[in-house]
Amino acid sequence: MSSSARDSYYPQKMTSLDEVWHRSFHRLFFRGTRLPLRLILPLLSGKKRPSSHAYILSIRKDMDNLLEQDIHNVKQGYYPKSILDFPLLSYLYALLSSGPLDALRVLSRAKRKDWHDLPPHVHEGDYPDYYLRNFHWQSDGWFSEASAKRYDASVQFLFGGAADIMRRMSLPAVVHSLVKPLPHGDIKILELACGTGSFSAQIQATFPQASLYAIDLSPDYIRYAKKHHKTPGVSFLNANGESLPFKDENFDAVICNNLFHELPHKVRRKVFKEAHRVLKHQAIFSITDSAQLEDNPSIKSSIENFSKDFYEPYHQDYIQDDLGKIFEQCGFRLGESQAYLFSKAIYGLKI
Ligand SMILES: C[S@@+](CC[C@H](N)C(=O)[O-])C[C@H]1O[C@@H](n2cnc3c(N)ncnc32)[C@H](O)[C@@H]1O
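Everything quoted here is computed from the prediction, not taken from an experiment.

Visitor: What exactly am I supposed to notice about the nonpolar core here?
Guide: The tendency in soluble globular proteins is for nonpolar side chains to be buried side by side. Counting 76 residues, the largest nonpolar core has Ala162, Met166, Ile189, Leu192, Ala253 and Val254 as its most contacted members. Every residue in contact with alanine 162, bar those within four places of it in the chain, is listed here: Phe30, Met63, Leu66 and Leu341.

Here's what the structure looks like:
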């Protein structure tokens with residue numbers, strides 16, 4: 001039986017009002033978050049990093065381009081208009097309900113450089129060493145539902161409301177590869193390192209006829225995802241990307257956002273090999289992650305400073321790594337790579 005994850009492209013109508021609203025809201029939000037961020041960053045890192053006028057103009061332009069691409073993608077039918085919604089009130093609630101007190105804990109942790117401050121219930125033997133850290137100095141690291149509750153709102157604040165838009169740039173290449181009828185039944189998509197599951201819901205809305213499996217190494221984030229995204233067709237599983245609990249050649253697509261900058265050099269390659277193992281022949285592995293040094297010269301220094309301002313122990317190695325080469329060494333034919341604001345989208349097809 002042949003089937004497809006979607007019957008066809010679903011070009012969506014965006015009225016002029018939809019477009020103006022999407023652009024204006026996000027431009028305003030983006031600009032509005034830059035000033036508080038500029039005040040907070042020196043407190044975290046202890047270093048002043050004045051932004052040049054040229055840098056500010058350049059990231060505003062990159063944000064405008066990203067928004068245009070987002071609108072274009074909806075009009076082309078790469079994803080539905082509904083996933084453009086931005087739940088501002090729930091982000092504000094998440095930040096205000098625990099944010100101010102938590103911000104003080106984060107600042108104090110950053111000052112002490114206490115990267116191993118984790119909740120007492122964590123059994124160190126259950127996790128790889130590289131994971132037993134509070135990335136970004138975040139309270140509880142990846143080890144509590146309270147951390148999961150704050151995560152989406154904090155990331156949106158950090159990236160000026162562009163976090164999901166950058167993640168969505170992984171989707172068009174997947175649509176291209178899945179829209180044609182495939183010579184087998186159930187279409188299966190895997191999301192690696194799904195975190196809170198908020199983007200899993202966007203993938204599911206984009207491929208309503210597919211079965212989506214979403215895994216993450218954090219049991220607490222997976223518990224949170226199961227509670228908050230009770231969408232039929234999505235299975236959330238607690239698993240390690242280094243050794244996936246799936247048989248060979250099982251998936252039609254693997255999608256992964258923002259994992260590789262948090263993995264050491266060798267582990268990064270291990271996860272690529274696992275993605276390759278579980279993919280069917282010619283199926284796609286589509287990634288978005290932090291931009292790398294060579295992606296966008298005008299934000300080079302802010303990409304370099306990211307690892308210093310936040311606790312990101314593997315980011316320095318990641319930004320110099322050659323993702324294209326990893327794809328090829330792990331058995332993929334490299335597809336396109338494109339920088340978007342602070343991120344990049346890149347994909348490969350299993351040979
Ligand atoms: C920066 S977050 C990204 C989450 C989400 N994909 C996003 O775009 O916001 C990194 C995620 O990777 C997960 N993670 C880290 N190492 C992992 C591994 N080896 N296997 C599976 N998940 C892992 C963490 O638990 C965390 O949820």
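Visitor: Sorry, what's going on with the site of the ligand here?
Guide: Around the ligand lies a shell of 19 residues, among which Ala193, Gly195, Leu217, Gly241 and Asn257 are the nearest. Domain assignment of the residues forming the shell around the ligand places at least three in each of domain 2 (88-158) and domain 3 (169-298 + 312-350).

Visitor: Quick question: what am I supposed to make of the sheet that holds strand 5 (residues 279-290) here?
Guide: By way of backbone hydrogen bonds, the strands of a sheet pair with one another, either parallel or antiparallel. One open sheet holds the seven strands; their spatial order is 3-2-1-4-5-7-6, and the pairing between them is mixed. Either end of the sheet is taken by a strand with one partner, and the two such strands are strand 3 (234-238) and strand 6 (332-340). On average, each strand axis in the sheet is tilted by 15 degrees relative to the strand beside it, whichever way the strands run. Sheet topology places strand 4 (residues 251-257) next to strand 5; six bridges connect them, and they run parallel. Along strand 5, the bridge assignment pairs valine 254 with phenylalanine 285. Across the face of the sheet, helix 8 (residues 219-228) comes into contact with strand 2 (211-216) and strand 3 while running at roughly 160 degrees to strand 3.

Visitor: Just checking my understanding: could you explain the domain arrangement of the protein for this structure?
Guide: By convention, interface size is frequently given as the accessible area that disappears when the constituent parts associate. The assigned domain composition of the protein is domain 1 (3-84), domain 2 (88-158) and domain 3 (169-298 + 312-350). Each of domain 2 and domain 3 has a C-alpha centre, and these two points are 23 Å apart. Counting residues at the interface gives 14 residues for domain 2, matched by 15 residues for domain 3. Per-class residue counts for the side of domain 2 that touches domain 3 are seven nonpolar, three polar and four charged.

About the cut-offs
Residues numbered from 1 in each chain as written. Predicted model: local features only at pLDDT ≥ 70, side-chain atom pairs only at ≥ 80, totals over all residues. Core = buried A, V, L, I, M, F, W, Y, C linked by C-beta atoms within 7 Å. Buried ≥ 20, exposed ≤ 12 C-beta atoms within 10 Å, placed from the backbone. Contact = placed C-beta atoms within 7 Å. Near = placed C-beta within 6 Å. Domains from an automatic or database assignment. Pairing = 2+ DSSP bridges. Helix = DSSP H or I, 4+ residues; strand = E, 2+ residues; numbered from the N terminus. Axes fitted to C-alpha atoms, helices over the stretch in contact; angles between N-to-C directions. Nonpolar A, V, L, I, M, F, W, Y, C, P; charged D, E, K, R; others polar.

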